[in-house]
Structures are given as C-alpha cells and as structure tokens.
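Survey of secondary and tertiary structure
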Amino acid sequence: CLFKCHLVESAHFQRLGDSSCLIEFENPAGFGKQNSAYVYLMLPWISKTQFHAFTVFPAQKPNHSSICIHKCGDWTGELMKQISIPAHKPAFVVGPFLSPFSSPAMDSEFLVAVASGIGVTPAISLIKQYSCTSRRLNLVWICRDAGLVEHFLENVEFSSDGYSLIYYTGKRSIILPEKKLPSNVFLFNGRPNLERTISGIIHSIVSGEGLPEELSKKVVTNTPVDMRAKLLVEKALSLYTVDQLFDYTLKASNFYNESQEPLTNEINYQGVLSTMRHLLANDCNVDSITKIFEQVDVDGNCRLDRVEFEDFVHLMLEGNSNEEIQTVKRGLAKMSTVRDLFESNKQMKSASKDEFGIKQHLHSGDGKFSAKNWSMLYCGGSAPVLSQLKDYKNKFGINLSVEKFDW
C-alpha cells in the first residue's frame, strides 16, 4: 500500500463541537475517487507510528476531500486537545480503499441507510455517489452531537428522491442553517421507532402517496414574496410542531420581557417577531406580522396564549387567491401526513401487527418493489439500533448489511 501513501502538507482541521473534528484537504496527485471509500490517516504531530482508518468523502470544494472524526480514545482525544482552534497541519493519508459499505448498496435499487453518530459519513458518501442515478437512498440518522448535525445540514446536498430523517438526541438546541432545507429533509427531537420509520419510508415510496421528490418540488425562491413566506412557515411546521414553535417563541419573549415576572403560558409581540424573523429571514414582512398579531390578540394585551399562537400560525398561511391558499393547505396536509409517519414519539399500534402492510408490499410478487430490491445499511456503534434493525430484517425479509469498521 506504500504507493497509495500521500503526504498532505497543509490539511485544514477544525472542531465541530466538543467531540468531533473535521479535516479537509486538497486531493493529492493520484488520489483517485473518494465515493464509498476509507483511508488510513497518520498525523505525525500526534504519533508517527499510528495509522487509523476513517471514511473519506468529497468535500464541497472541488477536488477536495473530507474526514470527520469523533472523539473515542487516546489518539482522537489528543487530536481534539491540539485542535482548540482551526489550524493547518500536515497529514499522511493512505488510500483511498473501497469500503465494504458500498458493495450491498450496488446490489439494491432501494436503500435505507441507518447511521448513529459519526457513522453517517459512509451514508453521506453514498448520497453523493448515487445522487444522479436511478437508486433511491433514504437516510435515517440518529445523533446527539449538535455540531455534527449543524455541519452536515449546512454543507451536504441531500438526495432529492429519498428521505433524509435526522433524529437529534442532544441537549442544546440545533442552530438551523441559513439556507433553506429541502422539503424531504426532516429534523426530529428524540429517538425513532425504527420499525415505524423504515416502514413509513417503504410505504411512502411503494404506494406513491408520499414520494420525496414531490415534496422537494416546492421551489420557494421562484414564488412571490408573500407566498414565499407562507411556504417557509409551512416548512417550519414540517420541522417543528406548533408546541415546539411556541416554546421557542416563549424563550424569545422572556428575552424581551421587561417585567420582573417571567412569562410561562403567554408570548409577547417581540417574541413572535423574533421567531418570524428567524424563520422567514429576508421574507419577513413586519407590517403583515403585526396585522395578524393584532387580529388574534383578542383582549389587546399584546400577548398570545397557546391557542391564539396556533391561530396566528394558521393565518400566516392564508392570503392570495383561493387556488393558492388551497395549494398551500394541500402541501401542509401532505407534509404533516409524511411527518406523522416518521415522528419520533409515535409508537407502533402493535409490535406483532404490520401497520403499513409492508409484507404485502414486499412479498406480493417479483416486481420492482419486492424485498430483494431493498437493502438496509447500518453504520455506527449502537447495539440497541442494530438489534432493532435485525428484528426488522427477520420480520420483513429485507437484507441488512453492517459496517463493522474492521478495515
């Protein structure tokens, strides 16, 4: 493998949070393709004898590659300690080598890639590899590292013909990227019920009732400003429940609250305006927001309770012609239906029952949606997640491949 050893004189290192680090570097001559691949990394300023294997995937910058590393031992701990601020340092990279994760992906037309934590990197690589093919790759990512989630939301172009479902299990609130997320990318708080989530993906695609590419057809930037604002509110409701938006607005309201008593069950105008500015950015129309706020503030105390806030949100979705209103409402209904399939707090009606008729979908014939054309891929170190996926394989007959990191 010596002929595959490359010296990268100035790789860029930066921390994404307390427990992860991103490395980006220009591909050296002869480096080859990075899709579904891994490399051995040696950092001479940490140890000249240790080579560690990591997934490598294309960076946003042309002819550059990325490696994402999670703190899980002495070597990675020392890396995190030395990269307290972004820095350029030398690195030796051996590879790339084709990852075992890619083999089952090439054998199936419909893929569900499940990842926990840093295990998302092989899935991200597959998304880039198959984004322009006929394969559907759906991502289910469970992660508690806010920095990792924020980085990938900001920098990854998710597949338009597959679902990307992110289940955030960390403590601090996620800072959403400034760019608009595609409508087939969902962010949830809490762990998924994997049987319901995977069954929901299969049901949506096989039945055609919730095709991800239909959700992603809504191009917000090509619509008038007032309709753009409505679609952005609709998008917010696909990411958050009304209760979550109310809680977010309550925190903002207390920030602007001038009285000594904190607000607990009501929000003020400043808090609502702050939330709308965050959600709508340049499409925030203060006059329109003020008018709607005054309309739902029946008692005129410049505060809204939970019910009044929901009325405010619904009024934000109205306006324009009847046809446009109905279009928004139909879109909202579809987004809500799809979100309900994958919501983290939803449980199966019965562990023994097939809620979505998946067995019939997969085993009713030898068509394109038969079980042999589906594969589940898992990369991560969570025993409970792996156990749920094995149970799903045994129940529905879908192949499961596990990335074991035994490179």
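Residues numbered from 1 in each chain as written. Predicted model: local features only at pLDDT ≥ 70, side-chain atom pairs only at ≥ 80, totals over all residues. Heavy atoms only, no water.

This paragraph deals with the overall build of the protein. If you tally the helices and strands in the protein, you get 14 helices and 14 strands. Looking at the protein alone, contacts between residues at least 24 apart form 71% of all its contacts between residues at least 6 apart. (Helix = DSSP H or I, 4+ residues; strand = E, 2+ residues; numbered from the N terminus. Contact = heavy atoms within 4.5 Å.)

Here we take up helix α8 (residues 242–256). Note: α-helices contain 3.6 residues per turn, so residues at a spacing of three or four share the same orientation. Given a rise of 1.5 Å per residue, 15 residues ought to cover 21 Å, and the 21 Å separating the end C-alpha atoms of α8 matches this to within 8%. If you check which residues of α8 are buried, you get V242, L245, F246, T249, L250, A252 and S253. (Expected span 1.5 Å × (residues − 1). Buried < 20%, exposed > 50% of the residue type's maximum accessible area, 1.4 Å probe, protein only.)

Going through the model one piece at a time under the given rule, you end up with six salt bridges. As a salt-bridge pair, R303 and E266 come within 4.0 Å of each other at their nearest N and O atoms. Of the two residues, R303 sits in strand β12 (residues 303–304) while E266 sits in the loop between α8 and β11 (267–268), which places them 37 residues apart along the sequence. A residue is classified by how much of its surface remains accessible, and R303, at 28% relative accessible area, is partly exposed. Taken together, the shared-partner salt bridges in this structure form one network comprising D243, R306 and E310. (Salt bridge = Lys/Arg side-chain N within 4 Å of Asp/Glu carboxyl O.)

This part takes up the sheet that holds strand β9 (residues 164–168). Taken in spatial order, the six strands line up as β10-β9-β8-β7-β13-β14 in an open sheet, and their pairing is parallel. Edge positions in the sheet fall to β10 (185–189) and β14 (399–403), since each of these pairs with one other strand and no more. Sheet twist, expressed as the average angle between the axes of neighbouring strands with direction ignored, equals 15 degrees. As paired strands, β9 and β10 are joined by five bridges and run parallel to one another. Looking at the pairing, Y168 lines up with N189 of β10. Sheet strands touched by helix α3 (residues 120–130): β7 (110–116), β8 (136–143) and β13 (374–379). Its angle to β8, the strand with the most contacts, is close to 160 degrees. Against the sheet, helix α14 (residues 383–396) contacts β7, β8, β13 and β14, and its axis sits at roughly 165 degrees relative to β13. (Pairing = 2+ DSSP bridges. Axes fitted to C-alpha atoms, helices over the stretch in contact; angles between N-to-C directions.)

Taken together, six strands build a closed barrel; the order of strands is β1-β2-β5-β4-β3-β6 and the barrel is antiparallel. Strand-to-strand twist of the sheet, defined as the mean angle between neighbouring strand axes without regard to direction, takes the value 45 degrees. One ladder, built from four bridges, connects strand β1 (residues 5–15) with strand β2 (residues 20–26); its direction is antiparallel. Residue pairing across strands places Q14 opposite L22, the latter belonging to β2.

Our next topic: the packing of α8 against helix α9 (residues 269–280). Relative to each other, α8 and α9 sit at 120 degrees, their axes nearing to 7 Å. Considered as vectors, α8 and α9 are oriented oblique to each other. Judged by the sense of rotation from one axis to the other, the crossing of α8 with α9 is right-handed. Contact with α8, carried on its side by L245, Y248, T249, A252, S253 and Y256, involves Q270, G271, V272, S274, T275, H278 and L279 of α9 and no other residues of that element. (Parallel < 35°, antiparallel > 145°, perpendicular 65-115°, else oblique. Left-handed = near helix turned anticlockwise from the far one by under 90°.)

That bond from G95 to P96 is cis: its omega, 5 degrees, falls within 30 degrees of zero. For P96, the location among the structural elements is in strand β6 (residues 87–98). Located in the positive-phi region is N63, a residue other than glycine, with phi close to 60 degrees. If you trace the backbone, N63 turns up in the loop between β4 (52–58) and β5 (64–70). Looking at N63, the relative accessible area reads 47%, which means it is partly exposed. Of note in this structure, C302 is not a glycine but carries a positive phi near 60 degrees.

Another point: the side chain of N27. Topologically, N27 is positioned in the loop between β2 and β3 (37–42). In this structure N27 comes out as buried when scored by relative accessible area, which is 12%. In terms of polar contacts, N27 uses its side chain to reach the side chain of S65, at 2.6 Å. (Polar contact = N/O pair within 3.5 Å; in protein donor to acceptor, adjacent residues only side chain to side chain.)

Here the focus is the nonpolar core. In terms of nonpolar packing, the biggest core is built from 60 residues, with W141 and F312 touching the most fellow members. Examining the composition of this core, we find that six residues originate from one element, α3, more than from any other. Not counting chain neighbours up to four residues away, the residues in contact with F312 comprise V272, M276, I289, I292, F293, V296 and L304. Counting 32 residues, the second-largest nonpolar core is a separate cluster that includes V114, V140, Y163 and A371. (Core = buried A, V, L, I, M, F, W, Y, C linked by side-chain atoms within 4.5 Å.)

Evaluated as defined, the whole model comprises 17 aromatic pairs. Ring geometry for Y38 and Y40: centres 5.9 Å apart, planes at 80 degrees, overall edge-to-face. A relative accessible area of 11% places Y38 in the buried class. Here Y40 falls in the partly exposed class, since its relative accessible area comes to 22%. (Phe/Tyr/Trp six-rings, centres within 6.5 Å; stacked < 30°, edge-to-face > 60°.)

So, on to the environment of H203. On the secondary structure map, H203 appears in helix α5 (residues 194–207). Judged by relative accessible area, which is 17%, H203 ranks as buried. Separated by 158 residues in the primary sequence, H203 and H361 have C-alpha atoms spaced 7.8 Å apart. The contacts of H203, once residues within four sequence positions are left out, are G208, E209, F356, I358 and H361.

As a further point, take the confidence of the model for the protein. Taken residue by residue, the protein gives an average pLDDT of 81. The fraction at 70 or more is 82%. Here residues 216–223 is a poorly scored stretch, pLDDT under 50, and it has 13 contacts once near neighbours within four places are set aside; other chains count. (pLDDT = per-residue confidence, 0-100.)

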